[in-house]
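# Tertiary structure, described
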Amino acid sequence: MIEMKRCWRCNVCNDIHYGIACPEVCPTCMQNNSYCEVSEKEARNMMGAEGGSGMDAAAVLSAWEKFAEKNGFMLNPDKEHVDLITKGVLMNESKFGLKLCPCRLRDGKRERDLKITCPCNFRADENWKEKGMCWCGLFVKKK
Ligand code: SF4
Ligand SMILES: [Zn+2]
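Structural notes, computed from the coordinates. (Residues numbered from 1 in each chain as written. Chains lettered and ligands numbered in written order. Predicted model: local features only at pLDDT ≥ 70, side-chain atom pairs only at ≥ 80, totals over all residues. Heavy atoms only, no water.)

This paragraph deals with unusual backbone geometry. P119 follows C118 through a cis peptide bond whose omega is -5 degrees. Of note, P119 is situated in the loop between α4 (110–115) and α5 (126–131). Positive phi outside glycine occurs at N14, with the angle close to 65 degrees. Locating N14 in the fold gives a position in the loop between β1 (6–10) and β2 (16–19). Overall, N14 belongs to the buried group, its relative accessible area being 17%. (Helix = DSSP H or I, 4+ residues; strand = E, 2+ residues; numbered from the N terminus. Buried < 20%, exposed > 50% of the residue type's maximum accessible area, 1.4 Å probe, protein only.)

Let's shift gears to the coordination of the zinc ion (ligand 2). Ideal values differ by geometry: the angle at a metal is 109.5 degrees with four tetrahedral donors, but 90 or 180 degrees with six octahedral donors. Around the zinc ion (ligand 2), the protein supplies C10 (SG), C13 (SG), C26 (SG) and C29 (SG) as donor atoms, at distances of 2.2 to 2.4 Å. For the zinc ion (ligand 2), the four donor atoms in the first shell make angles of 106 to 116 degrees at the metal, a pattern classed as tetrahedral. Of note, the zinc ion (ligand 2) draws all its donor residues from one chain, in the sequence arrangement C-x2-C-x12-C-x2-C. One end of the pair, C13, is in the loop between β1 and β2; the other, C29, is in the loop between β2 and β3 (35–38), with 16 residues separating them in the sequence. Looking at C13, the relative accessible area reads 29%, which means it is partly exposed. Among the residues examined, C29 registers a relative accessible area of 27% and is labelled partly exposed. (Donors = N, O, S within 2.8 Å, 3.2 Å for Na, K, Ca; no water. Tetrahedral: all angles 85-135°; square planar, octahedral: opposite > 155°, others 65-115°.)

The final tally for this structure, using the stated rule, is one disulfide. Across the disulfide from C103 sits C136; the S-S distance is 2.2 Å. Taken as a pair, C103 in the loop between α3 (79–96) and α4 and C136 in the loop between α5 and β5 (139–141) lie far apart in primary sequence, 33 residues in all. When its relative accessible area of 34% is taken as the criterion, C103 is described as partly exposed. (Disulfide = S-S within 2.5 Å.)

In C-alpha cells:
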C-alpha cells in the first residue's frame, strides 16, 4: 500500500515539511519535536496562499494532542478552556487565513502573524518556564 504524504509545520520557525513522517529535528531551526501536523491547505497558507486550513475543531485538537504527546507536555485538562481557545483560533483562521493566537493582538504584518500562529514557539517564553503553560494556557507541562 502506498502511504499518503502529509504536511507538518515547525512551531518554532514555520518550516513546512511534506512527507510520510516529519523529521524529529527541524532542519531549519534544529529544534527537536517541533512539528505539528497541519492540512495541505494550511501548509499552503503558511507559504502565502489565501484561505483557511479546512480543519475542523476535532482535527485541530487531534493534531495539538499528538504534538503535545510527542513533546512530553499536554493540553490543558480544563476542557472548556481548551474549547474556547480552539474556537478563537479557528475564528481567527476564518477571518485572517492563519490560526492566530486568540490571546494576543495581531498587527497585520505577515511576518509577525506567522510568529503568533498556533502552536507558536511558546517554549521560548518566560511564561512557559515560570508558569508551565503557554501564554493562553492551551499547552501545559505535565505535573
Ligand atoms: S500562546 Fe498557546 S494558544 Fe497562543 S498561539 Fe501559542 S500555543 Fe497557541
Ligand atoms: Zn523549525
